[in-house]
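# Notes for the structure review
Take a look at the letters that make up each chain.
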Amino acid sequence: ILGVLLGSGFTPDLVQRLGQWAVSLGFVTAMTVVGAMSCYFWLRRFTDWNKPTCYFAAMPGGLNDMTILGGAMGGEERCIALAHALRILTVVMTIPIWYRLVNGAQTSVLSMGHEATGNDWKDYAVLIACGVVGAVMGRLLKLPASFMMGPMIVSAIAHLSGVTASKPPGELVAAAQVVVGAGIGCRFVGAAIDKLHKEMAASIGAAFILILCAVVFAKIAVAITGLNLDATVLSYAPGGFAEMSLIGLALGIEIAMVATHHLFRLFLILMTSPFVFRLWRAREAAKAAD
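Residues numbered from 1 in each chain as written. Predicted model: local features only at pLDDT ≥ 70, side-chain atom pairs only at ≥ 80, totals over all residues. Heavy atoms only, no water.

Attention now goes to helix α3 (residues 51–58). By the criterion of burial, α3 is predominantly enclosed, with 7 of the 8 residues buried. Along α3, the residues classified as buried are P52, T53, C54, Y55, F56, A57 and A58. (Buried < 20%, exposed > 50% of the residue type's maximum accessible area, 1.4 Å probe, protein only. Helix = DSSP H or I, 4+ residues; strand = E, 2+ residues; numbered from the N terminus.)

Below you can see the structure in the form of structure tokens.
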């Protein structure tokens, strides 16, 4: 449901904005490097985790992907998962509250439920097909967040090609948000606060470092590109792909921009972090041998 909805934000006029987004995506790359390095040194200073654990815990990538990669590279999976779960929770609890209390944002996805969608049976058929075909495709291609990313890609193709301009009903979207929110909370099963308070505090501190980097780089990018500041901050925020896209939806911010930037960041980290880690450890081994 959420993947199909996010795909509906990719309209034909989106192509005209890709050039402007290219500069912004360059800033995402720089922000990711600076933020990850800062968090790595922060975690090394305030935790007892080994280097692989701190490295993959510092990467603002997907929770599952970074946990699996980190475990394979010699990191502690429990610590990496804890750091990323707290990062996502911190961002989800911080960004919306900021927009609500400081910017006065009051837009909610629930308002979609009171609006007529204007969909006919053909539109619903296309949306359902996007969801089913996309979910199967995402699983076969082993995409991260496959049940969301696959439908989003298929839905984006359908909307960009003009097959449909429809969106899922607001009631279904609100229900899906409840499921995602509950899922975030479930990630803390087995976390003993009395025993992990130091590690949890360090992880939350790392999350705020990433948020600070996101705000600083967003302001620089806005000054150069002229993009909307709210949309840019949310596009740079170090939360999960699903969570940030949902917040953008609730705040009425351009979903396509938010989704594009977060997908770019996730793929960038997924494709480069293992290579950089191996290169770094190889150099350390060479120095130790010398």
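Following the structure, the description resumes.
Turning next to the packing of helix α11 (residues 241–251) against helix α12 (residues 255–289). Taken N-terminus to C-terminus, the directions of α11 and α12 make an angle of 165°; their axes are 9 Å apart at the nearest point. As judged from the angle between their axes, α11 and α12 are roughly antiparallel. The crossing of α11 and α12 is right-handed. Along the contact surface, α11 presents F241, M244, S245 and L249, while α12 presents I255, V258, A259, H262, L263 and L266. By residue class, the composition of the contact of α11 with α12 is 8 nonpolar, 2 polar and no charged. (Axes fitted to C-alpha atoms, helices over the stretch in contact; angles between N-to-C directions. Parallel < 35°, antiparallel > 145°, perpendicular 65-115°, else oblique. Left-handed = near helix turned anticlockwise from the far one by under 90°. Contact = heavy atoms within 4.5 Å. Nonpolar A, V, L, I, M, F, W, Y, C, P; charged D, E, K, R; others polar.)

Within the span of helix α4 (residues 63–72), buried status applies to L63, M66, T67, L69 and G70. Directly after α4, the chain includes G74, whose backbone phi takes a positive value near 100°.

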